[in-house]
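# Examination of the molecular architecture
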Amino acid sequence: MTGVSAQYWRHQVLPERTIPNESKGLSIPKFCTMQFEGYALVCEVRLLVRVALYLIPSKSAQMRLGILISILAVALIGTTRGAVTLPMRTVFKGQDRFERLVVRAKAENWKMLPIGERTAVVGQAMVGTPYRSFTLEIDNRVESPSVNFTGLDCWTFFEAALAFARMLDEPETNWTPAQLLRYIEIDRYRHAECTGEYLSRLHYLEDWLYDNDRRGLATDLTRSLGGVQVPHSAREMTNGWRHYRYLVHNRGLLRPLAEMEAEVSSRPLYEIPKSRVAAIESRLRSGDIIGIVSRDGRYTSLRATSHVGLALRTADGTLHFMHASAPHNYGRVVIDTRLSSYLYRYSSDTGILVARPLR
């Protein structure tokens, strides 16, 4: 199955046929025609039960009972991840904008560009998209890959541009919402798998870079560009859990979330101090992922990642910062000033980390 991982999404469409039931003369027309809905598991169980009843003679009552119990046991084990899913209308928004991007990608032959330049071109095509906060928080209980082209925050801007760019390596027939969601899943989730659980998502940029670098999808250039180690704290989510709808409805996650944050905080964090960024701008490329590092509070030396965007080198050679800017600034995706100048706009920003997409 193409698209999102088979373990998470249940999308089974069987050909139109009937399977007779020996004992009751029943038939089964067209099972499981729903897509991305929680009813799919029920259909699968019904189908397995009826096939079992058909294949096993009615006189073998004990064998039938044993098979049916086994089917139900396997189904119950699978429900925690596979049974509950979200409708496509929830996880994918902005179909018309997606289709316009596909048309441009074909007309302008974006797939021939290197992955970094391709990511930057996709990002430029999304300039002007309104900023929308918490676009990753789409449900109270179920975690899912998602895309919303009608509104982007800083994270969903860079990941949508990167995922769309990666999708263009597929044959054009695969340039679909389902395939884009699959690339979002690969990028956004630990070990490239969304289990349906909130903590399978890579919530912190430094954790995202650690995992994507380990899997060979991107490389962390921060140290090679002169980055220095800084005191590190990843605690924004436990401190501000009331802002996250999933955490509000699942308070039991706060302890494992804090454990995850402690693990992320224990890893070294490197930043290129903003005073040195101008000197290394010539070594950056369009499509490099730029993470902004800031002080984690006014009276502390601890650092945390606070914002993210893409590098964009324009025709005059200037390296700009392209990002989804919050409502108190531009309120939309913009091509902002020169990167090194942008960093002096906010006194709390101390430097950057740099990731380069590899594929």
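Scroll up a little and you will see the structure.
Residues numbered from 1 in each chain as written. Predicted model: local features only at pLDDT ≥ 70, side-chain atom pairs only at ≥ 80, totals over all residues. Heavy atoms only, no water.

With their axes 8 Å apart at the nearest point, helix α5 (residues 115–125) and helix α6 (residues 154–167) run at an angle of 125° to one another. Considering their axes alone, α5 and α6 lie oblique with respect to each other. The way α5 lies across α6 gives a crossing that is right-handed. On α6, the residues touching I115, R118, T119, V122 and G123 of α5 are F157, A161, L162, F164, A165 and R166. Of the residues assigned to the contact of α5 with α6, the class counts are 7 nonpolar, 2 polar and 2 charged. (Axes fitted to C-alpha atoms, helices over the stretch in contact; angles between N-to-C directions. Helix = DSSP H or I, 4+ residues; strand = E, 2+ residues; numbered from the N terminus. Parallel < 35°, antiparallel > 145°, perpendicular 65-115°, else oblique. Left-handed = near helix turned anticlockwise from the far one by under 90°. Contact = heavy atoms within 4.5 Å. Nonpolar A, V, L, I, M, F, W, Y, C, P; charged D, E, K, R; others polar.)

Right, let's get into the packing of aromatic side chains. All told, the structure shown has 11 aromatic pairs when counted by the stated rule. Judged by centre distance (6.4 Å) and plane angle (70°), the ring pair of W110 and F164 falls under edge-to-face. One end of the pair, W110, is in the loop between α4 (95–107) and α5; the other, F164, is in helix α6, with 54 residues separating them in the sequence. Summarising the burial analysis for this pair, W110 and F164 share the class buried. Ring centres 5.8 Å apart and planes at 55° place the aromatic pair W155 and F158 in the tilted group. Taken together, the residues span about one helical turn, with W155 and F158 both in helix α6 at a distance of 3 residues. (Phe/Tyr/Trp six-rings, centres within 6.5 Å; stacked < 30°, edge-to-face > 60°. Buried < 20%, exposed > 50% of the residue type's maximum accessible area, 1.4 Å probe, protein only.)

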